[in-house]
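Chain by chain, the residues:
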Amino acid sequence: MTDKNGSNGRLTRRSLLAAGSATAVGAFVGRVGAESTGSASGTRNDNADENGTASDSGRDVTVRQEPGNAFYWVLPGERRLSPQVFGTPENPRRGSALLESRIEQAKGMPEPLDEAVPQLLQDLPPLVAAPEAGREPIGDSESDGIAQEKFTEPTLYSDNAEVTSGSFEITYQDRQPYDLPGEPGDTTDSVDLDAQFTDPAGNEYEIEHDHVVQPPIPGYETGGGVLSGGWLHGITGTGSPLLTEVYTYGASWGVGNVRVNGEVATEDGFRVIHFMTTQTVRDERYRMALDEEMPLAPDETIAGRIHHTHGVVLPIRPTPDGPVFDPVPTAMELPNGETQPFIHAMWEQEELVEGPFDEWEFPGQEDEEASNAEESADGDADFQLAGTASAWQGVAPDAIADTENPTLQLEAGTEYVLVWENADGLQHNFAIEDENGDELQASELVGDEGATQTVTFTATEEMAEYYCQVHPQSMRGAIEIG
């Protein structure tokens, strides 16, 4: 781990790394070292009657995901910019001018926030804006859709993520409709949270939520620290505009500790913790959609779901003098040798147990699910694989059975039939590349669990590896040409 005085602090401050999470900025000045407001997970209900029974006022939203379902650890990276939100190079929006305006607003806050919050916005601009200095045009070779620019400073809103493992259960307890004057921790809203997950290096994490807060960021409205059935991000003014404007089933802002490999990593103080269950914003290739691309139909999403849950821990530490920039002490080492200074966890196959529109289905969803099943004559296949985000699993012939990412032995000039089955309900395809990483062929995406796809190809000496274009790190195997 690297403390705030180490090189990791320089990296994040210089590059705005992870800033993005205005989505999770709550608790900047919450009660430092506050006692837990209820159970160990931070449950509190000040709206209970004298017998301890919860009042009917307000709403609970419960979401969970069991182990073994799709979990993604999001890495730092670039973000495509929506023209609707950020304008064009000739007419930029939500850039440096908005940032300066928010800083000036913050200077009018009571002491000591009048100094702490402006400094925090200078350290982490994507909390409220995308300064023009961090933008670059999208080149012709990487042109994709309507985006004309990208934000090049690495934030937590990237398309770069790896499949690991994780489970969680959260109950958002919404007891007041809007933010009220007072200390950030003075709210009747509360959260029950149990979350565990791993990073791509295999380190184990647990989040210990302490209490809910109302974040003191100019322009933010968080519904008392827990919001249910509303809209966040984009042009709403609450949450970073770098994240698509999303319908939110439940969201919370709070503070607490992070455990890494069984030890409390945040001994120097709480960090900001933000969870939100929203309509799905990750497309079939796990890119974060632009505002103009929303809403995504189920078959356009990574897991065929209309909602998913984000869990974020920000490099923000509450102190008696207000919120300060301080990297989250993760154990995930990045390619540049620094440790990742934020946590962005994504649960893609969760269950909305209780909440607004918990039984609503996207129009036509059932018809699409029924029509997408495919049949294949597996007996005619030279190779059979099962596709999961963690790896290709060999099925047949016996030489590759039960092997992860098995090597395919081929002969140049011979035609082969390969059949693979989608074994986890995430989007996958089958692609082949040469030793330079150039694509030689690729199939269509298949996202229905149990569906099969037949791929026919003729082996050539250029073939080096096969892989899934959605999960190229984990689903990759060698090809040997005889």
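Check the entry above for the structure.
Keep in mind it's a predicted model, so treat the numbers as computed, not measured.

1. Concerning the overall build of the protein
Okay, step 1: Within the protein one finds five helices and 27 strands.
Okay, step 2: A burial count over the protein gives 56% of its 482 residues as buried.
Okay, step 3: Across the protein, every contact between residues at least 6 apart in sequence was considered, and the portion connecting residues at least 24 apart equals 73%.
Okay, step 4: Carbon and sulfur atoms make up 43% of the accessible area of the protein, which amounts to about 19,600 Å² in all.

2. Digging into the nonpolar core
Okay, step 1: Formed by 40 residues in total, the largest nonpolar core has its most connected members in V117, L121, L127, V128, L242 and I316.
Okay, step 2: Of all the elements, helix α4 (residues 113-123) adds the most residues to this core, at four residues.
Okay, step 3: Once residues lying within four places of it in the same chain are set aside, the contact partners of V128 are L98, L99, R102, L121, I217, Y220 and P241.

3. Quick look at the sheet that holds strand β19 (residues 383-388)
Across a sheet, paired strands are connected by hydrogen bonds in the backbone, their directions being either parallel or antiparallel.
Okay, step 1: Spatially, four strands are ordered β20-β19-β22-β25 in an open sheet, and the strand pairing comes out mixed. Unpaired on one side and paired on the other, β20 (391-396) and β25 (452-458) mark the two borders of the sheet. Strand-to-strand twist of the sheet, defined as the mean angle between neighbouring strand axes without regard to direction, takes the value 30°.
Okay, step 2: Of the pairings in the sheet, the one linking β19 to strand β22 (residues 415-422) comprises five bridges and is parallel in character. Within the sheet, the bridge partner assigned to G387 lies in β22 and is N422.

Definitions and cut-offs
Residues numbered from 1 in each chain as written. Predicted model: local features only at pLDDT ≥ 70, side-chain atom pairs only at ≥ 80, totals over all residues. Heavy atoms only, no water. Helix = DSSP H or I, 4+ residues; strand = E, 2+ residues; numbered from the N terminus. Buried < 20%, exposed > 50% of the residue type's maximum accessible area, 1.4 Å probe, protein only. Contact = heavy atoms within 4.5 Å. Areas by Shrake-Rupley, 256 points an atom, 1.4 Å probe, with all protein chains shown as cover. Core = buried A, V, L, I, M, F, W, Y, C linked by side-chain atoms within 4.5 Å. Pairing = 2+ DSSP bridges. Axes fitted to C-alpha atoms, helices over the stretch in contact; angles between N-to-C directions.

Geometry only, nothing functional implied.
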